[in-house]
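# Inside the fold
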Protein chains: 2
Amino acid sequence: MTSASPRPNLAIAAYRQLKRDIIRGVYAPGEKLRMSHLKERYALGVGPMREALSQLVGERLVTAVSQRGYRVAEMSIEELESLYDARAELEGLVLELAIARGGDDWEAGIVAKAHALAKVAEVHSAEDMLDVWDTRHQAFHSAIAAGCDSPHLLQARTWLFDQAERYRHLWLCQTVFSAEALDAKRQEHAALTDAILARDTPTARAMMREHLMSPVPIIKEVMQQR
Amino acid sequence: MTSASPRPNLAIAAYRQLKRDIIRGVYAPGEKLRMSHLKERYALGVGPMREALSQLVGERLVTAVSQRGYRVAEMSIEELESLYDARAELEGLVLELAIARGGDDWEAGIVAKAHALAKVAEVHSAEDMLDVWDTRHQAFHSAIAAGCDSPHLLQARTWLFDQAERYRHLWLCQTVFSAEALDAKRQEHAALTDAILARDTPTARAMMREHLMSPVPIIKEVMQQR
DNA sequence: TATGCTGAAAATATCTACATTTTCGCTAAA
DNA sequence: TTTAGCGAAAATGTAGATATTTTCAGCATA
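The notes below deal with the structure included here.

Each value, and the rule that gives it
- Residues numbered from 1 in each chain as written.
- Chains lettered and ligands numbered in written order.
- Predicted model: local features only at pLDDT ≥ 70, side-chain atom pairs only at ≥ 80, totals over all residues.
- Heavy atoms only, no water.
- Near = heavy atom within 4 Å.
- Polar contact = N/O pair within 3.5 Å; in protein donor to acceptor, adjacent residues only side chain to side chain.
- Helix = DSSP H or I, 4+ residues; strand = E, 2+ residues; numbered from the N terminus.
- Nonpolar A, V, L, I, M, F, W, Y, C, P; charged D, E, K, R; others polar.
- Contact = heavy atoms within 4.5 Å.
- Buried area = accessible area lost by both parts, 1.4 Å probe.
- Salt bridge = Lys/Arg side-chain N within 4 Å of Asp/Glu carboxyl O.
- Buried < 20%, exposed > 50% of the residue type's maximum accessible area, 1.4 Å probe, protein only.
- Pairing = 2+ DSSP bridges.
- Axes fitted to C-alpha atoms, helices over the stretch in contact; angles between N-to-C directions.

Turning next to the protein's contact with DNA strand C. Neighbouring residues of DNA strand C: 18 residues in total, closest Leu10(A), Gly45(A), Arg68(A), Arg34(B) and Arg50(B). When atoms of DNA strand C within 4 Å of the protein are sorted by moiety, sugar and phosphate together comprise 93%. Interatomic distance of 2.7 Å between a backbone N/O atom of Leu10(A) and a phosphate oxygen of DNA strand C. Within the backbone of Gln67(B), one N or O atom sits 3.1 Å away from a phosphate oxygen of DNA strand C. Every element with two or more residues in the surface near DNA strand C is listed here: α1 (10-24) and α3 (46-58) of chain A together with α3 (46-58) of chain B. When its residues are assigned to classes, the surface near DNA strand C shows eight nonpolar, seven polar and three charged.

Counting from both sides, the interface comprises 32 residues of chain B and, opposite them, 32 residues of chain A. Of the roughly 3,100 Å² buried where chain B meets chain A, counting both sides, 51% is carbon and sulfur surface. By the criterion of area lost to chain A, the three top residues of chain B are Glu51(B), His152(B) and Trp159(B), representing 20% of everything that side buries. In this structure, the connection of chain B to chain A is made through six salt bridges. A salt bridge links Asp85(B) to Arg101(A); its shortest N-O distance comes to 3.2 Å. Connecting chain B to chain A are nine residue pairs in polar contact (both at pLDDT 80 or more). Elements represented by at least two residues in the side of chain B that touches chain A include exactly α3, α4 (77-101), α8 (151-175) and α10 (201-213) of chain B. In the side of chain B that touches chain A, the residues fall into 13 nonpolar, nine polar and ten charged.

A separate point is the protein's contact with DNA strand D. Within the structure, DNA strand D sits among 13 residues, and Met35(A), Arg50(A), Leu10(B), Gly45(B) and Arg68(B) are positioned closest to it. The contact atoms of DNA strand D, taken as those within 4 Å of the protein, divide so that sugar and phosphate hold 100%. Contact distances for DNA strand D include 2.7 Å between a phosphate oxygen and a backbone N or O atom of Leu10(B). Contact distances for DNA strand D include 3.1 Å between a phosphate oxygen and a backbone N or O atom of Gly45(B). Grouping the amino acids of the surface near DNA strand D by side-chain chemistry returns five nonpolar, five polar and three charged.

Before going further, it helps to examine the environment of Lys220(A). Residues and elements named next belong to chain A. Along the chain, lysine 220 falls in helix α11 (residues 215-224). With relative accessibility at 26%, the residue lysine 220 sits in the partly exposed group. In contact with lysine 220, not counting residues within four places along its chain, are Ile77, Leu80 and Glu81. Side-chain polar atoms of lysine 220 contact the side chain of glutamate 81, separated by 2.7 Å.

Across a sheet, paired strands are connected by hydrogen bonds in the backbone, their directions being either parallel or antiparallel. Residue and element names in this part refer to chain B. Across the sheet, which stays open at both edges, the three strands sit in the order β1-β3-β2 with antiparallel pairing between neighbours. Only two strands of the sheet have a single partner each, and these edge strands are β1 (32-33) and β2 (62-64). Inspection of the sheet shows β2 paired to strand β3 (residues 70-72) by three bridges, in the antiparallel sense. Within the sheet, the bridge partner assigned to alanine 64 lies in β3 and is tyrosine 70. Along the sheet, α3 makes contact with β1, β2 and β3, crossing β2 at roughly 105°.

See below:
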């Protein structure tokens, strides 16, 4: 989603921080984002701040009503289900194309990332786990998707991913600190890798769909507790 | 991509005009968008202008380099092929889901829009043709896609569509004013409608893919003439 | 004579501060 | 209990100041 800039300007820096804070839950869904508060928190003028907020409106993480300011986008069970369904279907399509189009480099990439992901528990402390596991988990799935050889499908995938990241964060906190959950995921990843390397499209696609939808009930529970 | 606002502010108005101008080719691909010129042309200050440009950067219609201003995004044969390939694959997925999930209302919508599209030539003058045909053509395809019952897949579809609109505009000008091309399209739409109503997923999906990819050679020719 | 380098000047992007318009919350009266 | 009015707060837009980039003329060198 971001291009490498030699020196990011203030608007881009604000965009990154604000996006991170929204995903991390620093601001509650539906909360009003007052300019005076944002100006103080990020030490910026209104110009760059409005630019950052505009970008986030485009990504559906913030909503804007003319003359009435900006708010953090709402979260709902309906959106959760629609979003994860869309992600699962798109990821299935990308996977099918990747199996059809991917070469040896693609396979090697998957094996490498799967290995790194499987070994993550042995190497790092509990505190670093969340960030490290998430990073390697994303890298694993990105390696699979990369084989579809379609930059624009990958863009669409990233776009849906960003929209889901607030929900995903709820799931991450529940999963990463549970040894059983992590082990279950490790087995799913291994089976998925096997099916992909065997180029078994129907099996791999079904497994991928199930793998992506499995967090939904867990996230639902967390959301209903609030 | 846009939500209905009771009173759009200047930034949104500027965004709409600028986007329209870029798609219509008022600015050449790669052209530098100087603030002084934009301010004069749209009679606005730099604040709203920067906001509008930020939105367009998010949609990949404009590129920005920090401290070096904004430029109209480049166009290339490579992007054309990647974009149309992604669109065709995504539309195929959406169609498959729509056939699986769509009900009677969905079928009725398709038949209605197909009818309106088929009759467009008899009703309107040559000058209005481009706008009217394009509007009804989009409505026809949107009616098909709507059956997938996934707002977020439809959002992704719209997003890819917006990115392709500059290329599509080149094709439209070549097609709408050719009686044979219009007739060929009419037959494709009729056959597609039949396959969909028969719920013949493999046939419909293949036809949709071919239908969406058919403009590519024509656009390539137009682009190479420049 | 052609080519590459240096430095100043112009142009441009970016940011902060201020003015204007609109909205929201509170109080009081019907 | 509802509604009208008042004041504070917030959002939007404009203008000007600052820093960066780009351009180009002049000079040295091959």
